[in-house]
Amino acid sequence: MNKFRALLDKNLIFLDGAMGTMLQDGILPAGFLPELLNLTDPEKVTAVHEKYLSAGSDILYTNTFGANKYKILPPHKAEEVIEAAVKLAIRAAKPYGAAVALDIGSLGKMFMSIDELYDAFVPLVKAGEKAGADLVVFETMSDLAEMRAAVLAAKENTSLPILATMTFEKNARTFLGVSAESFARTITALGVDAIGLNCSLGPEDVLDTVRQLRRNTHLPLAVKPNAGLPDGDGCYHIDSTMFSDFFEEIISEGVQLIGGCCGTSPDFIKKLKSSYKDTIIPSFEMEQKSIICSATKTVDLSKGLLVVGERLNPTGKKKLTAAILEEDLDFLLEQASSQAEDGAEILDVNVGVAGVDEAKTMKLVVQEVQTVTNLPLQIDSSETAAIEAGLRSFNGVAIINSVNGKQSVLDSVLPLAQKYGAYVVGLCLDEDGIPQTAEKRVQIAEKIMNEAAKYGIPKHRLIIDCLVLTVSAQQEQAAETLKAVREVREKLGLLTLLGVSNVSYGLPDRPLINSTFLAMAAEAGLNLAILNPSDSEVKRTVAAIRVLSGEDVNSTTYISSISQMKKAPAAISQAADPLKDAVIKGLSGEAADLTIEALKTDFAENIIQNTLIPALDIVGELFEKGDFFLPQLIASANAAEAAFGVIKEQYRKSGTEVKGKGTIVLCTVKGDIHDIGKNIVKILLENYGFDVIDLGKDVSKEMVLDAVLSSGAKLVGLSALMTTTVASMEETIAYLRKNAPRVKIMVGGAVLTEEITKRIGADFYSSDAKQGVDIAKKIYA
């Protein structure tokens, strides 16, 4: 039996503590990659392993956190480093009987596709398994897409057990806005062995996140927090006793794997072991809920009537069909965004148009739709390749639409649902077509339920479509459909879905028929209604249903929505700025086209000041309020960049000099190779009209000064992710103070705080990209 899976039969499992903290304590030369010590100075790595083993660690993490092709550069290879690291850990662990975990961190890159991410992780996990690792740990990730790609790479190319941990902030979201619930639901669905959290927070701040994870997974939980937050000297002030004391409550939440991250040492593990080695973990029964999710939003399918937006299905829609054929993504993204605005809770995505490569198109559309809305998706296709392409590209738990009672369909689609943890819509039809009676439809639903169980797909992940036929041709079938909905809910205990709009085809005043049928279906127990969320009659009906069912407490949402609908015609007549709207929604192509049109009747400067900058300000406010997350912020910035690109091209053709708002020098300081945060700040600053001199990463103080003096920049932005490079940041600040005393300095990065900012002598602390822009606007006001 695998060592890790055998350990899971134990009570508490003790992980190790920080490798980097130990190596940086006088062992690791400044600017030297710790992973390369596996090749150049292996005995120092072994010494750290042995200290953790002596302290009581049951599992050793290999010294491979940053061993990937983006950080390990020629003449060395990441696979070479991994092989050496795993073998070192195995030799150290053998006398203790401990397991060895291949440790893989974030690739440190942004805007990578699922395929690029997957391809980067495959050689790493293969090398780890070949070298003899007992499991793989993916840790310290903020991007759910990256975590999904890593897990898929391990599951499809190795037999290694998987422990997946992400890094969360106090609000139980990652830096990119991924919620603890979405992480737990998504990665549990992929079939890993354990999940949890590590880094960022000290043990005093993790409880809320731990509780959210516990409510959303049945898997063992791992918690590996930092020793609090470091001060300006990179020192952590939670000692091993304080650290251990916090774990009493953490363990009481059912956490099984415990250890430490940044700032912890063997003393911390020794204290944990002595304090809790005989502790019995409380058992927890996870309540089975029907919850789907995107990276930032969860939707409970069993709570009230939910609206599935139908407008990304080309059936009967000439404009959408043309947009799919022409790959007019902006049209598709506008349909997605507007449905979300109009109240859809889920979006159905169907790209089945004759003449297109459906799998390729589905992959592209699913990827792009996620940049403009955080709604969960329903992948709608009869082609298994297209279904898998959609499921693979979606960062969350999706719905498959659909299977039916045909055995061949069940055998081809249900394995995909099992692999990706997706929910499944089952149509009540089989080889004989659509039954005319409710009884026969229920029989097919029962068959689908039983076949799904063979693939390990439980009842709560099934949704039965009892099928709506048009009453203009088969009037009696409306009653049969409603009867089937009621019986599927009451006799089988399954969720139900209907394509409501089908009922009125061929009749006048279709919204009236649709809304009336919807109300009847809701009373029969309907859970999900596929319809047009922009239809005002349907919107009113949904709002009324939620009042009468008790879902809308005190009718608060009903009153608000009806009021908004009454105001809508007046608002439309005021002709809202479509360019501003395109930027806010992150529609790059549309923003560029609208800018071209705007330039025919207005001056470029007016467009910038009256439309583009206000749009970015609105996006920034939404980001600060938590209504937008980093992906939406970046999408809007890219749309603004497309608009600015059109304006700059006009300036170039006319020979007009483009004057920026001011020059800013950005870099990651000497010894630090992490630049994601800095790159995000750069994107936003440039789209606010600032000229950015990006010096890159691992930048010396002399290079920073040269850039300031040669450009005349009034503001410098310094970034650091590692506690050890805060000292380098402080040195750079002192050097600038001496040689360019008038320049202002803002700092940012995961290890920085207001207190540290003051301690190292910087002028401003930027906690995120939007705050960096606000600081720049203040300097160049």
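Whatever comes next refers back to the structure up there.
Residues numbered from 1 in each chain as written. Predicted model: local features only at pLDDT ≥ 70, side-chain atom pairs only at ≥ 80, totals over all residues. Heavy atoms only, no water.

Across its full length, the protein chain holds 30 helices and 23 strands. In summary, the protein chain has a C-alpha radius of gyration of 28 Å against a globular reference of 28 Å for 781 residues, a match within 12%. Buried residues in the protein chain amount to 57% of all 781 residues. Between the averaged position of the 79 positive side-chain charges in the protein chain and that of its 102 negative side-chain charges there is a distance of 1 Å. (Helix = DSSP H or I, 4+ residues; strand = E, 2+ residues; numbered from the N terminus. Rg over C-alpha atoms; globule rule 2.2 N^0.38 Å. Buried < 20%, exposed > 50% of the residue type's maximum accessible area, 1.4 Å probe, protein only. Lys, Arg positive; Asp, Glu negative; His and termini not counted. Charge placed at Lys NZ, Arg CZ, Asp CG, Glu CD.)

The next point concerns the side chain of Lys-224. Checked against the element boundaries, Lys-224 lands in strand E7 (residues 221-224). The buried category is assigned to Lys-224, whose relative accessible area is 5%. With near-sequence residues (within four places) excluded, Lys-224 lies in contact with Leu-15, Asp-16, Gly-17, Tyr-61, Leu-197, Asn-198, Cys-199, Gly-259, Gly-260 and Cys-261. (Contact = heavy atoms within 4.5 Å.)

Summed over the entire model, instances satisfying the criterion amount to five aromatic pairs. Residues Phe-121 and Phe-138 carry aromatic rings whose centres are separated by 6.0 Å and whose planes lie at 70 degrees to one another, so their mutual orientation is edge-to-face. Highlighted residues: Phe-121 in helix H6 (residues 114-131) and Phe-138 in strand E4 (residues 135-141), separated in sequence by 17 residues. Aromatic pair Phe-243 and Phe-268: ring centres 5.1 Å apart, planes at 75 degrees, arrangement edge-to-face. Of the two residues, Phe-243 is situated in helix H10 (residues 240-252) and Phe-268 in helix H11 (residues 266-276); the sequence distance between them amounts to 25 residues. You'll find Phe-243 and Phe-268 in the same group, each marked buried. In textbook terms, an aromatic cluster arises when at least three aromatic residues are bridged by ring pairs, as seen for Phe-243, Phe-247 and Phe-268. Taking NZ or CZ as reference, Lys-224 lies 3.9 Å from the ring centre of Tyr-61, over its face. The cationic tip of Arg-392 hangs over the ring face of Tyr-118; the distance from NZ or CZ to the ring centre is 4.9 Å. (Phe/Tyr/Trp six-rings, centres within 6.5 Å; stacked < 30°, edge-to-face > 60°. Lys NZ or Arg CZ within 6 Å of the ring centre and 35° of its normal.)

Residues Phe-138, Phe-183, Ile-187, Leu-301, Leu-518 and Leu-685 are the most contacted members of the largest nonpolar core, which totals 235 residues. Counting residues per element, this core draws most heavily on helix H25 (residues 630-654), at 11 residues. Setting aside residues no more than four positions away along its own chain, Phe-183 makes contact with Leu-144, Met-147, Ala-164, Thr-165, Met-166, Phe-168, Val-178, Thr-188, Ile-195, Gly-196 and Leu-213. Within the second largest apolar cluster, 26 residues are counted, among which are Val-726, Leu-736, Val-743 and Ile-756. (Core = buried A, V, L, I, M, F, W, Y, C linked by side-chain atoms within 4.5 Å.)

Let us now look at helix H15 (residues 384-393). Where burial is concerned, most of H15 is hidden: seven out of the 10 residues are buried. Burial in H15 covers these residues: Ala-386, Ile-387, Ala-389, Gly-390, Leu-391, Arg-392 and Ser-393. Close packing links the buried residues of H15 with H6, helix H7 (144-157), helix H14 (358-369), strand E13 (377-380), strand E14 (399-404) and helix H16 (407-420).

Before going further, it helps to spend a moment on the sheet that holds strand E11 (residues 306-309). The eight strands are arranged E11-E12-E13-E14-E15-E16-E17-E18 in a closed barrel whose pairing can be described as parallel. Mean inter-strand twist for the sheet, computed between neighbouring axes without regard to direction, equals 30 degrees. Note that strand E16 (residues 462-465) and strand E17 (residues 495-499) share three bridges and pair parallel. Its bridge partner lying in E17, Ile-463 is registered against Leu-495. (Pairing = 2+ DSSP bridges. Axes fitted to C-alpha atoms, helices over the stretch in contact; angles between N-to-C directions.)

For the pair H15 and H16, interaxial distance at closest approach is 10 Å and the crossing angle is 10 degrees. Considering the angle they form, H15 stands roughly parallel to H16. Two secondary-structure elements touch here, H15 through Thr-384, Ile-387, Glu-388, Leu-391 and Arg-392 and H16 through Ser-412, Val-413, Leu-416, Lys-419 and Tyr-420. Of the residues contributing to the contact of H15 with H16, the split by class is five nonpolar, two polar and three charged. (Parallel < 35°, antiparallel > 145°, perpendicular 65-115°, else oblique. Nonpolar A, V, L, I, M, F, W, Y, C, P; charged D, E, K, R; others polar.)

As a further point, take the pattern of salt bridges. Taken as a whole and judged by the stated rule, the model has 35 salt bridges. With its nearest N and O atoms 3.1 Å apart, the salt bridge here joins Glu-249 to Arg-211. Here Glu-249, found in helix H10, pairs with Arg-211, found in helix H9 (residues 207-215); they are 38 residues apart in sequence, far enough to count as distant. On the basis of relative accessible area, Glu-249 is assigned to the partly exposed category, the value being 40%. Here Arg-759 makes a salt bridge to Glu-730, at a shortest N to O gap of 2.8 Å. Of this pair, Arg-759 sits in helix H29 (residues 754-760) while Glu-730 is found in helix H28 (residues 726-739), placing the two residues 29 residues apart along the sequence. On the basis of relative accessibility, which here comes to 40%, the residue Arg-759 falls in the partly exposed class. The partly exposed category is assigned to Glu-730, whose relative accessible area is 23%. (Salt bridge = Lys/Arg side-chain N within 4 Å of Asp/Glu carboxyl O.)

Structurally, Glu-156 can be placed in helix H7. As a C-alpha pair, Glu-156 and Val-122 span 34 residues in sequence and 8.8 Å in three-dimensional space. In this structure Glu-156 touches Tyr-118, Arg-392, Lys-419 and Tyr-420, once residues within four positions along its chain are discounted.

The strand order E20-E19-E21-E22-E23 describes an open sheet built from five strands, whose pairing is parallel. At either end of the open sheet lies a strand with only one pairing partner, and these are strand E20 (691-694) and strand E23 (764-765). Where strand E19 (residues 663-668) and strand E21 (residues 715-719) come together, five bridges link them in parallel fashion. Opposite Ile-664, over in E21, you have Leu-715 as the bridge partner. Where helix H27 (residues 701-711) meets the sheet, it contacts E19, E20 and E21, and its direction lies at approximately 170 degrees from that of E19. The strands touched by H28 within the sheet are E21 and strand E22 (744-748), with E22 carrying the most contacts at an inclination of about 175 degrees.

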